[in-house]
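# Fold and geometry: a report
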Amino acid sequence: MSAKAAPGWGSAHLAAIRPGQVALDPADQLAVHQTLARYAFALDQQDLEALGAVLTEDATWTFKIADETDLGPVVGREAILAFVRDAMAAETDQRRHNLVNVAFHSANAEAALVHAYLMLTSNAGGGGGVVATGFYTFGLERAGGEWRIAELFLGTDNAW
């Protein structure tokens, strides 16, 4: 695919960038960041057990590719893991999900809404390079004393 999204297309999918109330102490903010890092590492290492550990049982994933193609929502941890398993089976390269500019939109002791940019890199073709950029919106919930991803929206700026 060669589709690419127009500048600013993601604003329709992002809550206003201005932050809401973030009522989390620094330790909980770090714990949320760690959950997002564990998510990225699980994808990159193709570790479905680790991925499952950062998702709520009823998590939902929704994707919009280049502001054109909708995927999902994929509903429930087991359905998400099956979706990811199928995607991983088709991969022939080492991918790295680089989450940057992680910003809390709002948070309290039970839930957090966090935005992050994605820079997806790959070693396909014998050299490293960026294959996709985009943004995430993560809805996280505290479950069993741990922060877990309950809702995920990924909007990519290009298809690959």
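Being a predicted model, the structure only gives us computed values, none of them experimental. (Residues numbered from 1 in each chain as written. Predicted model: local features only at pLDDT ≥ 70, side-chain atom pairs only at ≥ 80, totals over all residues. Heavy atoms only, no water.)

Strand order in this open sheet of six strands is S2-S1-S6-S5-S4-S3, and the pairing throughout is mixed. The open sheet terminates on both sides in strands that have one partner only, identified here as strand S2 (69-75) and strand S3 (95-107). Direction aside, neighbouring strands of the sheet carry axes that sit 20° apart on average. With twelve bridges connecting them, strand S4 (residues 111-122) and strand S5 (residues 129-143) associate as antiparallel partners. For Leu118, the partnering residue across the bridge sits in S5 and is Gly134. (Pairing = 2+ DSSP bridges. Helix = DSSP H or I, 4+ residues; strand = E, 2+ residues; numbered from the N terminus. Axes fitted to C-alpha atoms, helices over the stretch in contact; angles between N-to-C directions.)

For helix H1 (residues 26-44), with 19 residues, the first-to-last C-alpha span of 27 Å sits near the 27 Å given by 1.5 Å per residue. Buried within H1 we find Asp28, Val32, Thr35, Leu36, Tyr39, Ala40, Ala42, Leu43 and Asp44. With a side-chain oxygen lying 3.1 Å from the backbone nitrogen of Ala27, the N-terminal cap of H1 falls on Asp25. In the segment just after H1, Gln46 is the residue with positive phi, at about 50°. (Expected span 1.5 Å × (residues − 1). Buried < 20%, exposed > 50% of the residue type's maximum accessible area, 1.4 Å probe, protein only. Polar contact = N/O pair within 3.5 Å; in protein donor to acceptor, adjacent residues only side chain to side chain.)

If charged atoms from side chains of opposite charge come close, those side chains can pair. Using the criterion set out here, one finds five salt bridges in the structure. With a shortest N-O distance of 2.7 Å, Glu57 and Arg77 are connected by a salt bridge. Residue Glu57 is located in strand S1 (residues 55-65), and its partner Arg77 is located in helix H3 (residues 77-90); the two are separated by 20 residues in the primary sequence. Judged by its relative accessible area of 18%, Arg77 is buried. We note a salt bridge from Glu91 to Arg95, for which the minimum N-O separation is 3.6 Å. One continuous salt-bridge network, built from bridges that share partners, spans Glu91, Asp93 and Arg95. (Salt bridge = Lys/Arg side-chain N within 4 Å of Asp/Glu carboxyl O.)

Another aspect to go through is the environment of Asp44. Mapped onto the elements of the fold, Asp44 is located in helix H1. Along the chain, Asp44 and His97 lie 53 residues apart, while their C-alpha atoms are 6.7 Å from each other. Ignoring anything within four residues of it in the chain, the contact list for Asp44 reads Gln94, Arg95, Arg96 and His97. Within polar-contact distance, the side chain of Asp44 engages the side chain of His97 at 2.6 Å. (Contact = heavy atoms within 4.5 Å.)

The next thing to look at is the UniProt feature "domain: SnoaL-like" (unreviewed entry) in the chain. Taking the UniProt record as the reference, the feature "domain: SnoaL-like" (unreviewed entry) is found at residues 28-151. Along residues 28-151, the helical share is 30% and the strand share 52%, with 18 Å between the first and last C-alpha atoms. (UniProt positions renumbered as here; feature names shortened; annotations may be inferred.)

To continue, consider the nonpolar core. With 35 residues, the main nonpolar core has Tyr39, Leu51, Trp61 and Phe138 as its most contacted residues. Elements with a minimum of two residues in this core: H1, helix H2 (48-53), S1, H3, S3, S4, S5 and strand S6 (146-156). For this core, the leading source of residues is H1, giving six residues. Those residues in contact with Trp61, other than ones at most four positions away along the chain, are Tyr39, Leu43, Leu51, Leu55, Gly72, Pro73, Val74, Ile80, Val84 and Leu152. (Core = buried A, V, L, I, M, F, W, Y, C linked by side-chain atoms within 4.5 Å.)

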